[in-house]
Amino acid sequence: MKLCGALLFALVAVQAAVLLSAVPSAQASELQVGYYSKKCKGLENVVKWHVVKALKAHRRTGAALVRLLFHDCFVRGCDGSVLLDKSYDNPHPEKEAPVNIGLAAFDLLEEIKADLEHRCPGVVSCSDILIYAARDAASFLSNGHVHFDVPAGRLDGFVSKAEEAQAELPDSTDDVEKLIANFARKNFTVEELVILSGAHSIGQGHCSSFTGRLSEPADQITPAYRELLKYKCSSGSNPPVVNNVRDEDYNTVGRFMPGFVSRLRKVPDFLDNSYYHNNLAKIVTFHSDWTLLTQKEALGHVHEYADNGTLWDEDFSDSLVKLSKLPMPAGSKGEIRKKCSVINHRLY
């Protein structure tokens with residue numbers, strides 16, 4: 001009886017601790033630039049140091065961080081829900097959604113979190129760490145042209161569901177009307193849809209995400225590029241392919257698109273407005289990219305950003321800030337996780 005009583009007491013204590021640590025989530029108006037200036041001094045320098053070190057070792061990690069920001073904030077707001085692993089509470093987390101195939105950089109965020117827990121225990125949320133890290137990655141990949149101050153003060157959520165991610169995130173096969181409606185539900189305009197799509201100047205996608213492109217007609221995809229994609233996808237079981245043909249290997253481009261060889265980039269994953277030039281030339285990977293050319297307002301913005309890379313840098317920075325302010329569902333509560341992949345009470 002004593003053992004049972006002790007066990008019951010321990011369980012009640014853990015539940016009480018969880019309830020006490022769970023607090024209402026911050027709304028966008030409550031987020032503050034410099035939120036951690038006194039709570040965890042040097043935080044941004046710590047995050048930047050880890051990000052730069054990681055990107056110097058493997059530059060593609062930067063694209064993964066930028067993608068994680070979007071895939072986290074577009075589902076349940078910016079609450080770190082995409083970072084949670086499978087658990088009793090979340091048996092099918094967002095990571096398992098087909099639309100989230102290829103998400104990466106989780107280990108880097110855990111590395112940053114561990115460092116900050118050592119310096120400032122229980123202070124910095126994983127959701128804030130992700131925003132800082134993605135910001136620093138975007139800045140690194142754009143040579144500083146994309147940059148913004150991060151409003152912070154987010155909490156980490158308790159809920160992560162694959163079905164919600166699949167329902168809410170835009171799909172690579174969507175037509176422009178569906179994309180516009182999806183973004184409008186998050187209070188984003190057609191222009192902001194076009195701006196954020198420009199992130200496809202970096203990173204990679206799996207062949208399963210653009211299977212339909214391999215049979216689309218010449219007025220939707222340049223035939224030489226279509227053949228290049230077919231060749232790349234024949235090299236394995238659902239292999240990843242770079243989003244930007246300018247990052248392809250010299251031999252492959254020389255074989256299928258010899259006239260494009262001179263436009264290949266010496267440094268891959270450079271975050272710039274090349275996406276818009278590629279889209280107008282119909283050499284983009286996803287149907288959801290090409291479909292922007294079929295709607296008058298969206299097409300106008302594609303031309304606008306193809307003509308003005310500096311404007312895109314500025315507008316992309318502003319759009320990331322707006323994205324980072326998407327709130328958790330009304331009435332949600334959160335916590336400061338000790339590990340980004342696990343809700344705190346699962347650590348006991």
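Keep in mind it's a predicted model, so treat the numbers as computed, not measured.

**Some points on the UniProt feature "binding site: Ca(2+) 2" (unreviewed entry) in the chain**
Right, on to step 1. Taking the UniProt record as the reference, the feature "binding site: Ca(2+) 2" (unreviewed entry) is found at Asp-249, Thr-252 and Asp-272. In three dimensions, the annotated residues from a span of 24 residues occupy distinct locations, with a maximal C-alpha spread of 22.8 Å.
Right, on to step 2. Among the structural elements, Thr-252 can be located in helix H10 (residues 250-256).
Right, on to step 3. The residues touching Thr-252, leaving out its near neighbours within four places in the chain, are Leu-228, Tyr-231 and Lys-232.
Right, on to step 4. By the element assignment, Asp-272 lies in the loop between H10 and helix H11 (274-280).
Right, on to step 5. Once residues lying within four places of it in the same chain are set aside, the contact partners of Asp-272 are Gly-198, Ser-201, Arg-265 and Trp-312.

**Structural notes on the nonpolar core**
Right, on to step 1. Ranked by internal contacts, the top residues of the largest apolar core, which has 77 residues, are Leu-116, Leu-292, Phe-316 and Leu-323.
Right, on to step 2. It is helix H5 (residues 126-141) that contributes the most residues to this core, 10 residues altogether.
Right, on to step 3. No fewer than three residues from each of domain 1 (40-169 + 327-335) and domain 2 (176-324) sit in this core.
Right, on to step 4. Among all residues touching Leu-116, those that are not within four sequence positions of it are Cys-40, Leu-43, Val-46, Val-47, Pro-121, Val-124 and Ile-129.
Right, on to step 5. Membership of the second largest hydrophobic core comes to 18 residues, among which are Tyr-225, Leu-229, Met-257 and Phe-286.

**Here's the deal with H5**
Right, on to step 1. Helix length check: H5 (16 residues) gives 22 Å between terminal C-alpha atoms against 22 Å at 1.5 Å per residue, within 8%.
Right, on to step 2. Among the 16 residues that make up H5, 15 are buried, leaving the element largely enclosed by the rest of the structure.
Right, on to step 3. Looking one or two residues beyond H5, the residue adopting positive phi is Asn-143, at roughly 55°.

**Regarding the domain arrangement of the chain**
Right, on to step 1. Along its sequence, the chain is carved into domain 1 (40-169 + 327-335) and domain 2 (176-324).
Right, on to step 2. Averaged C-alpha coordinates put domain 1 and domain 2 at centres separated by 23 Å.
Right, on to step 3. Contact with domain 1, which involves 25 residues of that partner, is made by 25 residues of domain 2.
Right, on to step 4. Put simply, domain 1 and domain 2 have 2 salt bridges between them.
Right, on to step 5. In this structure, the salt-bridge partner of Glu-168 is Lys-186, at a minimum N-O distance of 2.7 Å.
Right, on to step 6. On the surface where domain 1 and domain 2 come into contact, there are 9 residue pairs in polar contact (both at pLDDT 80 or more).

What counts as what
Residues numbered from 1 in each chain as written. Predicted model: local features only at pLDDT ≥ 70, side-chain atom pairs only at ≥ 80, totals over all residues. Heavy atoms only, no water. UniProt positions renumbered as here; feature names shortened; annotations may be inferred. Helix = DSSP H or I, 4+ residues; strand = E, 2+ residues; numbered from the N terminus. Contact = heavy atoms within 4.5 Å. Core = buried A, V, L, I, M, F, W, Y, C linked by side-chain atoms within 4.5 Å. Buried < 20%, exposed > 50% of the residue type's maximum accessible area, 1.4 Å probe, protein only. Domains from an automatic or database assignment. Expected span 1.5 Å × (residues − 1). Salt bridge = Lys/Arg side-chain N within 4 Å of Asp/Glu carboxyl O. Polar contact = N/O pair within 3.5 Å; in protein donor to acceptor, adjacent residues only side chain to side chain.

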